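As a plain string of letters, each chain reads:
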Amino acid sequence: MSKEKAPVTQAIRVLREHHVSFSEHLYKYEEKGGTTVSARELGVDEHCVIKTLIMEDENKRPLIVLMHGNREVGTGMLAKQIGVKKVHPCDPKTADKHSGYQVGGTSPFGARHPMPVYMEASILELERIYINGGKRGFLIGVDPKDVERVLKPILVSAAV
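Residues numbered from 1 in each chain as written. Predicted model: local features only at pLDDT ≥ 70, side-chain atom pairs only at ≥ 80, totals over all residues. Heavy atoms only, no water.

The name given to the chain in an unreviewed UniProt entry is Cys-tRNA(Pro)/Cys-tRNA(Cys) deacylase, with Chromobacterium fluminis as the source organism. Of the chain, the UniProt comment under Sequence similarities (unreviewed entry) reads exactly: "Belongs to the prolyl-tRNA editing family. YbaK/EbsC subfamily." (UniProt positions renumbered as here; feature names shortened; annotations may be inferred.)

Student: Pulling in residues and values, what's your account of the environment of Arg71?
Tutor: Among the secondary structure elements, Arg71 is positioned in the loop between strand E3 (62–68) and helix H3 (75–82). Sequence separation of Arg71 and Glu46 is 25 residues, and the distance between their C-alpha atoms is 9.2 Å. The contact partners of Arg71, leaving out residues within four places of it in the chain, are Lys51, Ala159 and Val160. (Helix = DSSP H or I, 4+ residues; strand = E, 2+ residues; numbered from the N terminus. Contact = heavy atoms within 4.5 Å.)

Student: Any details on the UniProt feature "domain: YbaK/aminoacyl-tRNA synthetase-associated" (unreviewed entry) in the chain? Residues and values, ideally.
Tutor: Using the residue numbers shown here, the UniProt feature "domain: YbaK/aminoacyl-tRNA synthetase-associated" (unreviewed entry) corresponds to residues 38–149. Along residues 38–149 the backbone is 24% helical and 31% strand, and the end-to-end C-alpha distance reaches 25 Å.

Student: Got a sec to walk through the pairing of E3? Specific residues and values, please.
Tutor: In terms of residue burial, E3 counts as a mostly covered element, since six of its seven residues are buried. Sheet analysis places strand E2 (residues 49–57) next to E3, joined by seven bridges and oriented antiparallel. What sits directly across from Lys51, in E3, is Met67. Counting the residues that bridge the hairpin from E2 to E3 gives four residues, and of these Lys60 lies at a positive phi of roughly 65°. Looking at chain direction, E3 and strand E5 (residues 117–120) are connected through three bridges and run parallel. By the bridge assignment, Ile64 is partnered in E5 with Val117. (Buried < 20%, exposed > 50% of the residue type's maximum accessible area, 1.4 Å probe, protein only. Pairing = 2+ DSSP bridges.)

Student: Describe helix H1 (residues 10–17), naming the residues involved and giving the relevant values.
Tutor: Those residues of H1 lying buried are Ala11, Ile12, Val14 and Leu15. With its buried residues spanning 160° around the axis, H1 presents them on a single face. Within two residues after H1, His19 carries a phi angle of roughly 55°, on the positive side. (Arc of directions from axis to C-beta.)

Student: Lay out unusual backbone geometry with the relevant residues and their values.
Tutor: The residue Lys32 is not glycine, and still its phi comes out positive at about 60°. Tracing the backbone shows Lys32 in the loop between strand E1 (23–26) and helix H2 (34–42). At Lys60, a position not held by glycine, the phi torsion is positive, near 65°. Residue position: Lys60 is located in the loop between E2 and E3.

Printed below as a string of structure tokens:
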């Protein structure tokens, strides 16, 4: 793990504001490495590394999806559960615009624009999760119940 100081991002400010206890984990970011790389670098199970995905429905309304690192989002399943026709990932430039973060460093905390948050329900079964802290190469370790308390996500079952 890197000895450099962890950044104070908008995500960190939100967590502090809500008195959330978290650990900071810096690692060497690899382009297109995703949760496989971050899990390997942190020495944790990829199932506990949570992806923050910016998606849109058929009307281009943005939404955040929190998913296990080793699973994909069944977009048809998700669309049906949230009452829309289609859900698809945003292109990186659009995702950056919605979240205020750079893809690869997107945190669900402190997004630029308010968006509904949908979280895979089984994430709450984990004791600790690792989720992006708002910068590439920076994850935070946190109790998923704190994530639920701060973000008030809608729980879904859309993992494939």
